[in-house]
Amino acid sequence: MSQARSPTLAQLRDGDYQICTQPPPKGWQQGEGVCFVFRKQNQQIEGYYGYPHSDAFVCLRGQLNLDRRIVGQGYLVSWEGSQWGTPEKKAFFWDEEQQLQLAQGRVVRHEQDGQSEAHWILFQQATLNFQSFYLYPKPEMTAPQQLCNWNFERSPNSSQF
């Protein structure tokens, strides 16, 4: 499959994909710009949106929209290496490229282990606009199932707010 600008994800077969704001790099990089790595199952999408070679990403799940958007939910983990303040209730753009808009955030899980702590922040509204993205021949970045776990149930060493 060759790269294409403005992919029509609804026409893709079910499977694993990567789209980015820049064309595939020629070197060792796994992606260029900001990327969305995802699994498509019918019109359902689950994956993450973030910057290659960084810990800056948001897990997303939702449905394909005809106007080249994915609409659903998103979450991220706030921890010492990637701090977030108070979750935003109003809509804001997560990325510099202004492709991912998040809203209605709330902390759904909190874990503390000695000196470190982490907060899972769920955004009830997430919209990713991918109309100016490039479809990569195959996913090069980490598989979404390795980074995103939508199970927010309490564990023995966590407390919910």
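So, here is what we can say about the structure in this document.

Basis of the calculations
Residues numbered from 1 in each chain as written. Predicted model: local features only at pLDDT ≥ 70, side-chain atom pairs only at ≥ 80, totals over all residues. Heavy atoms only, no water. Helix = DSSP H or I, 4+ residues; strand = E, 2+ residues; numbered from the N terminus. Buried < 20%, exposed > 50% of the residue type's maximum accessible area, 1.4 Å probe, protein only. Contact = heavy atoms within 4.5 Å. Areas by Shrake-Rupley, 256 points an atom, 1.4 Å probe, with all protein chains shown as cover. Disulfide = S-S within 2.5 Å. Phe/Tyr/Trp six-rings, centres within 6.5 Å; stacked < 30°, edge-to-face > 60°. Lys NZ or Arg CZ within 6 Å of the ring centre and 35° of its normal. Core = buried A, V, L, I, M, F, W, Y, C linked by side-chain atoms within 4.5 Å.

Time to look at the overall build of the protein. When you go through the protein residue by residue, the secondary structure sums to one helix and ten strands. The N-to-C order of helical and strand elements in the protein reads β-β-β-β-β-β-β-β-β-α-β. A burial count over the protein gives 43% of its 161 residues as buried. The contacts of the protein with a sequence gap of at least 6 include a subset with a gap of at least 24, amounting to 57%. Just so you have it, the protein exposes about 9,100 Å², and 44% of that area is on carbon and sulfur atoms.

A separate point is the state of the cysteines. For the structure shown, the criterion picks out two disulfides. Across a sulfur-sulfur distance of 2.0 Å, C20 and C35 are joined as a disulfide pair. The disulfide joining C20 to C35 has a torsion of about 110° about its S-S bond and is therefore right-handed. Of this pair, C20 sits in strand β1 (residues 15–20) while C35 sits in strand β2 (residues 35–41); the two residues are 15 residues apart in sequence, bridging distant segments of the chain. Assessed through its relative accessible area of 0%, C20 is described here as buried. Across a sulfur-sulfur distance of 2.0 Å, C59 and C148 are joined as a disulfide pair. With the S-S dihedral at roughly -85°, the linkage between C59 and C148 falls on the left-handed side. Here C59, found in strand β4 (residues 57–65), pairs with C148, found in the loop between α1 (144–147) and β10 (158–159); they are 89 residues apart in sequence, far enough to count as distant. On the basis of relative accessible area, C148 is assigned to the buried category, the value being 11%. Should the bonded cysteines of the protein be numbered as they appear in the sequence, the pairing reads 1-2, 3-4.

Tallied over the entire structure, the rule returns eight aromatic pairs. Taken together, the ring pairs connect Y49, Y51, W94 and F133 into an aromatic cluster. One residue, R109, lies across the ring of W120, its end atom 4.9 Å from the ring centre.

Below, the discussion takes up the nonpolar core. Formed by 26 residues in total, the largest nonpolar core has its most connected members in F36 and Y49. Of all the elements in the fold, those that place two or more residues in this core are β1, β2, β3 (44–50), β4, β5 (69–79), β7 (100–113) and β8 (116–129). At four residues, the largest contribution of residues to this core is made by β8. Contact partners of F36, with chain neighbours within four places excluded, come to Y17, Q18, I19, I45, G47, Y48, Y49, L60, I70 and L128. The next biggest cluster of nonpolar side chains, apart from the first, holds 16 residues, and it includes C35, A118, L122 and Y136.

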